[in-house]
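# Summary of the model geometry
Here are the chains, one letter per residue:
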Amino acid sequence: MYQIIDGKKISQEIKDELREKVEALKARGVKVTLAVIQVGDDPASSVYVGNKEKACAYVGIGSLVYRLPRETTQEELLQLVGQLNRDDQVDGILVQLPLPGHIDEDKVLLAIDPQKDVDGFHPVNVGNLSIGRPGFVSCTPAGIIQLLKRSGIQIEGKECVVLGRSNIVGKPMAMLLLRENGTVTVCHSRTKNLKEIARRADILVAAIGKPCFVDADYVKEGAVVIDVGIHRKADNKLCGDVDFKSVAPRTSAITPVPGGVGPMTIAMLMYNCVEKKLAIL
Ligand code: GUN
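Bear in mind that the values here come from a model prediction, so they are computed numbers and not experimental data.

Rules behind the numbers
- Residues numbered from 1 in each chain as written.
- Predicted model: local features only at pLDDT ≥ 70, side-chain atom pairs only at ≥ 80, totals over all residues.
- Heavy atoms only, no water.
- Helix = DSSP H or I, 4+ residues; strand = E, 2+ residues; numbered from the N terminus.
- Buried < 20%, exposed > 50% of the residue type's maximum accessible area, 1.4 Å probe, protein only.
- Contact = heavy atoms within 4.5 Å.
- Areas by Shrake-Rupley, 256 points an atom, 1.4 Å probe, with all protein chains shown as cover.
- Pairing = 2+ DSSP bridges.
- Right-handed = clockwise from strand over helix to strand, strands pointing away.
- Phe/Tyr/Trp six-rings, centres within 6.5 Å; stacked < 30°, edge-to-face > 60°.
- Lys NZ or Arg CZ within 6 Å of the ring centre and 35° of its normal.
- Near = heavy atom within 4 Å.
- Polar contact = N/O pair within 3.5 Å; in protein donor to acceptor, adjacent residues only side chain to side chain.
- Nonpolar A, V, L, I, M, F, W, Y, C, P; charged D, E, K, R; others polar.
- Salt bridge = Lys/Arg side-chain N within 4 Å of Asp/Glu carboxyl O.
- Axes fitted to C-alpha atoms, helices over the stretch in contact; angles between N-to-C directions.
- Parallel < 35°, antiparallel > 145°, perpendicular 65-115°, else oblique.

### Let's talk about the overall build of the chain
What the chain contains, in helices and strands, is 10 helices and 11 strands. When the backbone C-alpha atoms are referred to their principal axes, the chain occupies close to 50 × 45 × 40 Å. Among the 281 residues that make up the chain, the fraction classed as buried is 49%. Contacts in the chain between residues far apart in sequence, at least 24 positions, make up 70% of those at least 6 positions apart. Working note: accessible area of the chain is about 13700 Å², and carbon and sulfur atoms make up 51% of it.

### A few points about the pairing of strand β3 (residues 62-68)
In the sheet, strand β2 (residues 33-39) pairs with β3 via 7 bridges, with the strands oriented parallel. Bridge assignment links L34 to a residue of β3, and that residue is S63. Considered for its hand, the β-α-β crossover made up of β2, helix α2 (residues 43-59) and β3 is right-handed.

### Topic: the packing of aromatic side chains
The full count for this structure, using the stated rule, is 2 aromatic pairs. For the pair F213 and Y218, a centre-to-centre distance of 5.5 Å together with 55° between the ring planes defines the contact as tilted. For F213, a relative accessible area of 26% puts it in the partly exposed group. Positioned above the aromatic ring of Y58 is the side chain of R19, whose terminal nitrogen or guanidinium carbon lies 4.3 Å from the ring centre.

### Some details on the site of the ligand
In the vicinity of the ligand, the contacting residues are L94, V95, Q96, L97, D119 and F121. In the environment of the ligand, a nitrogen atom lies 3.1 Å from a nitrogen or oxygen atom belonging to the side chain of Q96. Measuring from a nitrogen atom of the ligand, one finds a backbone N or O atom of L97 at 2.8 Å. Across the complex, the protein chains shield 80% of the 280 Å² of accessible surface that the ligand would expose by itself. Grouping the amino acids of the shell around the ligand by side-chain chemistry returns 4 nonpolar, 1 polar and 1 charged.

### Digging into the pattern of salt bridges
A complete count under the given rule lists 10 salt bridges for this structure. Across the pair E221 and R250 runs a salt bridge, and its minimum N-O distance is 3.7 Å. Here R250 lies in the loop between α9 (244-247) and β11 (253-254) and E221 lies in the loop between β7 (203-206) and β8 (224-227), a separation of 29 residues in the sequence. Exposure remark for E221: the relative accessible area of 54% places this residue in the exposed category. We classify R250 as partly exposed; its relative accessible area is 27%. Several salt bridges share partner residues, and in doing so they unite E13, E17 and R150 into one network.

### A look at the side chain of N125
Positionally, N125 belongs in helix α5 (residues 123-130). Ignoring any residue separated from it by four or fewer positions in sequence, one finds N125 in contact with P114, D117, G120, G135 and F136.

### Some thoughts on the packing of helix α6 (residues 139-150) against helix α10 (residues 262-280)
Viewed as axis vectors pointing N to C, α6 and α10 meet at an angle of 100°, and their least axial separation amounts to 8 Å. Here α10 runs roughly perpendicular to α6, going by the angle between their axes. Residues C139, T140, A142, G143, Q146 and L147 of α6 form the contact with α10, whose own contacting residues are M264, T265, M268, L269 and N272.

### Digging into the environment of L238
Position of L238 among the secondary structure elements: in strand β10 (residues 238-239). As for L238 and V257, which are separated by 19 residues in sequence, their C-alpha atoms are 6.8 Å apart. If we ignore the near neighbours within four places in the chain, the residues touching L238 are I230, H231, R232, V257 and P258.

### With respect to the pairing of strand β6 (residues 183-187)
The pairing of strand β5 (residues 159-163) with β6 spans 5 bridges and is classified as parallel. Across the sheet, residue L163 finds its bridge partner in β6, namely C187. Following the chain from β5 across helix α7 (residues 170-179) to the adjacent parallel β6, one finds a crossover that is right-handed.

### Considering the sheet that holds β2
Read across the open sheet, the 3 strands follow the order β3-β2-β4; overall the sheet is parallel. A strand with exactly one partner marks an edge of an open sheet, and here the two such strands are β3 and β4 (92-95). Neighbouring strand axes in the sheet, compared pairwise and without regard to direction, differ in orientation by 15° on average. When β2 meets β4, the two strands line up parallel, connected through 4 bridges. Residue pairing for β4: I37 is matched across the bridge by V95. In this fold α2 packs onto β2, β3 and β4, with an angle of close to 160° to the strand it touches most, β3. Along the sheet, helix α3 (residues 74-86) contacts β2, β3 and β4; its crossing angle with β2, the most-contacted strand, is approximately 180°.

In structure tokens, the structure reads:
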């Protein structure tokens, strides 16, 4: 029988631990504040931003949410980021992606002070991760490490295969698994023999953005499978990058969609906000 890795439960544990830490900070007169910027009204982004606001309220972090119209210029957005960089009351800054097409995402992410980059997207933080220095780590891959550790799954010495090489998930995931002493292979759309490589994995992370792409043929008997994808099917049900029904019986442990990786991203965002404050006190 396989274990279902319960991201809802584990993310709740993390938020509860953080809530206690925030309370202790408050008792010392220290507040934690996250600024979130959304440009435009992309429905998925609105849901994510709303969830971040709720998580802040739960953990006890102050949130400043800027909901800007779609027509906001790059200059205006950069000005707001600059103002938040300079504001000592603001500990973390998050610009919700994607941004409207007329705004250069890279330019905006580069403008965020690396010390406040709780998303871990700034090249300084990406670089720190790659050379093993402290810094902010991208929330989704950081959450996956927590899922594995808190489920008693050892990473050290394991064959880890990451499907996908995005800057937000695939690449930082590979760096984190490496940091945990896994043996890491990164596959992508041009990879030859994808199935054969995936089948070598003790830990398989699917972050390719294709619904139900990973079927049982990609999975070694007894592997741990982490599904980063989330897609809505024609029947309105959610599914991941993994075909759960056929894959789960081959695994020793697997994350469901929803309720696996998804809830971890926001929990780790809260973690980044709080731990940063603790680190500088
Ligand atoms: N859009 C989708 N996921 C994310 C995320 O983790 N951070 C930001 N800033 N935008 C996103």
